[in-house]
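# Chains, contacts and geometry: an overview
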Amino acid sequence: MKYYEYPNHGLIAIQNDNESLDVYCSHFIVPTSVKFTAPGWYAEQLRPLLTEISKERFDICYSFRCRFNEYTTIDLENIDLELYHGTDAKVVRMTDDERKAHKTFCKRAIEYLYPLYLKTYYDSSTGIFSVNKMELDNEINVDINRECLGRYRKMLRGHQLYQYPDNVVYLATLASAESYARKSFAGGEFGYIAYFLIKTAQNVELPGFDPDPEMENAIQHVLEFGEQKKEPVIFRFTINNDIDIEYLRDENGEFLPGANQGSFRYIGPIKLDLAKAEYLK
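Residues numbered from 1 in each chain as written. Predicted model: local features only at pLDDT ≥ 70, side-chain atom pairs only at ≥ 80, totals over all residues. Heavy atoms only, no water.

Before going further, it helps to examine the sheet that holds strand E2 (residues 11-15). The strand order across the open sheet formed by six strands is E5-E1-E2-E3-E4-E6, and the pairing between neighbours is mixed. A single partner strand is all that each edge strand has here, and the edge strands are strand E5 (51-53) and strand E6 (72-73). Sitting on the sheet, helix H2 (residues 55-66) touches strand E1 (2-6), E2, strand E3 (21-25) and E5, and the angle it makes with E2 is about 135°. (Pairing = 2+ DSSP bridges. Helix = DSSP H or I, 4+ residues; strand = E, 2+ residues; numbered from the N terminus. Contact = heavy atoms within 4.5 Å. Axes fitted to C-alpha atoms, helices over the stretch in contact; angles between N-to-C directions.)

We now examine the nonpolar core. Counting 39 residues, the largest nonpolar core has Leu-113, Tyr-117, Ile-144, Leu-149, Phe-196 and Leu-197 as its most contacted members. At the level of elements, helix H4 (96-121), helix H5 (144-156), helix H7 (188-204) and helix H8 (213-226) are the ones that each hand at least two residues to this core. Excluding its chain neighbours within four sequence positions, the residues that come into contact with Tyr-117 are Tyr-122, Phe-129, Val-131, Leu-149, Leu-197, Thr-200, Ala-201 and Leu-206. Among the nonpolar cores identified, the runner-up in size contains 38 residues, and Ala-13, Ile-79, Phe-235 and Phe-264 belong to it. (Core = buried A, V, L, I, M, F, W, Y, C linked by side-chain atoms within 4.5 Å. Buried < 20%, exposed > 50% of the residue type's maximum accessible area, 1.4 Å probe, protein only.)

Here Pro-31 shows up in the loop between E3 and strand E4 (34-37). A residue is classified by how much of its surface remains accessible, and Pro-31, at 68% relative accessible area, is exposed. Sequence separation of Pro-31 and Gly-262 is 231 residues, and the distance between their C-alpha atoms is 9.1 Å.

Attention now moves to the packing of aromatic side chains. Following the criterion strictly, the structure yields 20 aromatic pairs and no others. A ring pair is formed by Phe-58 and Tyr-62, whose centres lie 6.5 Å apart and whose planes are at 20°; its orientation type is stacked. Taken together, the residues Phe-58 and Tyr-62, both in helix H2 and four residues apart, mark about one turn of the helix. Since its relative accessible area comes to 5%, Phe-58 is described here as buried. Each ring, one from Tyr-112 and one from Phe-209, has its centre 6.2 Å from the other, and the planes form 45°; the classification is tilted. (Phe/Tyr/Trp six-rings, centres within 6.5 Å; stacked < 30°, edge-to-face > 60°.)

This part takes up the packing of H4 against H8. Orientation of H4 relative to H8, taken along the N-to-C sense of each, is 120°, at an axis distance of 9 Å. The angle between H4 and H8 falls in the class oblique. Our pair here, H4 against H8, has a crossing hand that is left-handed. In this structure, H4 uses His-102, Phe-105, Cys-106, Arg-108, Ala-109 and Tyr-112 to contact H8, whose residues at the interface are Glu-214, Met-215, Asn-217, Ala-218, Ile-219, His-221, Val-222 and Phe-225. Looking at side-chain class alone, the contact of H4 with H8 contains nine nonpolar, three polar and two charged residues. (Parallel < 35°, antiparallel > 145°, perpendicular 65-115°, else oblique. Left-handed = near helix turned anticlockwise from the far one by under 90°. Nonpolar A, V, L, I, M, F, W, Y, C, P; charged D, E, K, R; others polar.)

This is the structure:
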């Protein structure tokens, strides 16, 4: 036998004589520590990430984690677990071309506005923005500094959580999915950032805010879409029934051992059918 760990990811593993991997993981898609025999596709992706350790080291890791939570044995390819996707029905109705065009308008608006906010409201000594708080939405409490400017700054700095790739569906717990759904009215998180940066610029009379006709067109597109009726919806997906666990990644896009048990990316084919959606009040 050989013993391994995935450093800083709460995962240890044993390679048996037949080269199968028994995996013990304390950060996964369920809120308990789990043990499972890795299927081929999982073992293939996991092996390059592992560091071989001594049996003594393995025993210490195992003993330490079991003080807090015993491992539950699961069958990874037959696990019965629901995850949820929250969005707005307007986004689902869009064609792929419409969705791409909308994202382009949002990107143009953000790229125009962000330097203006950076010049006026960013404190380089503290690394934070300080736009005055204001009421911009009757239903959503918006923190422009953290949720819009802060997130976009992280995107520019390469933080994987804020890259918003195409052809990826985000899945989460029910509570998180409902929250995402209510904030998707402007076209997902990227649309949310664009919409509220525009609304705030108009409210605070942002210095330098004087868009040319082309930029004004992009801004008006974002505003018009965001100001349509909100239609928050959630979709339910059962792992290994509606979706394949092989295509599940953590919210940063990394292989599952880094998962935080709350939010995930799904990189496989998936269909959002509004006939099966649950509309939120």
